[in-house]
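Residue strings, one per chain:
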Amino acid sequence: MARRTKDEAVETRNQILDAAERVFSTRGVSRTSLADIAVAASVTRGAIYWHFKDKADLFCEMVARVTMPMEDAPCQINPVLETDPLASVRAMLTGILQRTSGDVQARRVFHIVFHKCEYVDEMEPVWKRFSEMQAGCLSRLERGLARALKLGQLPAGLDVRRTALGLHALVDGLISNWAKDPEHMPPESDAGRVIDVFIDGILHVPPQPVAKPALRRAHKTPRGKVAKTAPRRRRA
């Protein structure tokens, strides 16, 4: 009997989460109340409060059912520890895009996350979690590129920070666009080719000269000797 009660509780919880996905996707998070979700799930508001503290808690649990793309296993690769860091960076980003392309439920949740939620008031802690997640992935990406540069896999003088920001923006934007409009999403097998276009462009960047420190100006003295220019004094 206890086993049946536990299974029923799990079923009710999933029923509420499924309803939340549908209603959030249609009406948006800010315009959806727990009462709306209760009606869609055919349960009472009391049943929702039994399983979730508030709407923010319900939202977080809905997102937790699908792994966010930046938290998926491929993004946990640490390119710094790999013998081929550039290949590891590619595998990390390709895996993220394949995760988005191949999981319908995940895409539906990403659509809510990117396009149907205002991260204010009770939803602000949710945004903090997403920001930390993205910052962690950007950091791994930047360190992987720095390692690849050190091993000579990237052109000398490449701005690693800007390159990492560009790659991160590319992936983040693709996830957002694919979640909003799946019809323009390429096949899962083509995810790596999208990343290759960017990486190939990086590999063909001409080596950048290392900037030399600026020399101080000099002027000639009346006798033809060269003297260093004294710094100007500021007026009081």
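Residues numbered from 1 in each chain as written. Predicted model: local features only at pLDDT ≥ 70, side-chain atom pairs only at ≥ 80, totals over all residues. Heavy atoms only, no water.

A tally of helices and strands in the protein chain yields nine helices and two strands. In sequence order, the protein chain lays out its α and β elements as α-α-α-α-α-α-α-α-α-β-β. Going through the 236 residues of the protein chain one by one, you find that 36% of them count as buried. Within the protein chain, contacts between residues at least 6 apart in sequence are counted, and of these 69% link residues at least 24 apart. Surface exposure of the protein chain reaches about 14600 Å², of which carbon and sulfur atoms provide 53%. (Helix = DSSP H or I, 4+ residues; strand = E, 2+ residues; numbered from the N terminus. Buried < 20%, exposed > 50% of the residue type's maximum accessible area, 1.4 Å probe, protein only. Contact = heavy atoms within 4.5 Å. Areas by Shrake-Rupley, 256 points an atom, 1.4 Å probe, with all protein chains shown as cover.)

Moving on, we come to the nonpolar core. L58 and F59 are the most contacted members of the largest nonpolar core, which has 57 residues in total. Discounting chain neighbours no more than four positions away, the residues touching F59 are F24, V29, I112, V113, C117, Y119, M123, V126 and F130. (Core = buried A, V, L, I, M, F, W, Y, C linked by side-chain atoms within 4.5 Å.)

Attention now goes to the packing of aromatic side chains. Following the criterion strictly, the structure yields two aromatic pairs and no others. Measuring from ring centre to ring centre gives 5.2 Å for Y119 and W127, while their planes differ by 40°; the resulting arrangement is tilted. Classification of Y119 by relative accessible area gives buried; the value is 18%. (Phe/Tyr/Trp six-rings, centres within 6.5 Å; stacked < 30°, edge-to-face > 60°.)

Two quantities define a packed helix pair, namely the angle between the axes and the distance from one axis to the other. Between helix α5 (residues 85-102) and helix α8 (residues 160-180), the shortest axis-to-axis distance is 10 Å and the interhelical angle comes to 5°. On the basis of the axis angle, α5 is roughly parallel to α8. When α5 is examined against α8, the residues L93, I96, L97, T100 and S101 are found in contact with a partner set consisting of L167, V171, L174, I175 and W178. Class assignment of the residues belonging to the contact of α5 with α8 gives a composition of eight nonpolar, two polar and no charged. (Axes fitted to C-alpha atoms, helices over the stretch in contact; angles between N-to-C directions. Parallel < 35°, antiparallel > 145°, perpendicular 65-115°, else oblique. Nonpolar A, V, L, I, M, F, W, Y, C, P; charged D, E, K, R; others polar.)

So, about the environment of S33. Summarising the element assignment, S33 is placed in the loop between α1 (2-27) and α2 (34-41). Since its relative accessible area comes to 31%, S33 is described here as partly exposed. Taking the C-alpha atoms as reference points, S33 and A20, separated by 13 residues in sequence, lie 9.7 Å from one another.

Below, the discussion takes up the side chain of E21. By the element assignment, E21 lies in helix α1. Classification of E21 by relative accessible area gives buried; the value is 2%. Dropping the residues within four chain positions of it, E21 is found in contact with M62, R65, Q105, R108, V109 and I112.

On inspection of all chains with the given rule, the structure shows nine salt bridges. Salt-bridge contacts for R13 lead to E61; the nearest nitrogen and oxygen are separated by 2.8 Å. Of this pair, R13 sits in helix α1 while E61 is found in helix α4 (residues 55-64), placing the two residues 48 residues apart along the sequence. Given the relative accessible area of 26%, E61 is considered partly exposed. D36 serves as the salt-bridge partner of R27, at 3.0 Å between the closest nitrogen and oxygen. Look at R27 and you get partly exposed, because its relative accessible area is 37%. On the basis of relative accessible area, D36 is assigned to the partly exposed category, the value being 24%. (Salt bridge = Lys/Arg side-chain N within 4 Å of Asp/Glu carboxyl O.)

Here we come to the state of the cysteines. Per the counting criterion, the structure on display carries zero disulfides. We note that C60 lacks a disulfide partner, and the nearest cysteine sulfur, in C117, lies 9.2 Å from it. (Disulfide = S-S within 2.5 Å.)

As a further point, take the environment of P155. Relative to the helices and strands, P155 is located in the loop between α7 (124-150) and α8. Its relative accessible area of 11% is what places P155 among the buried residues. Along the sequence, P155 and L203 sit 48 residues apart, while their C-alpha atoms lie 6.4 Å from each other. Those residues within four positions of P155 in sequence are excluded, and the remaining contacts are L149, I202, L203 and V205.

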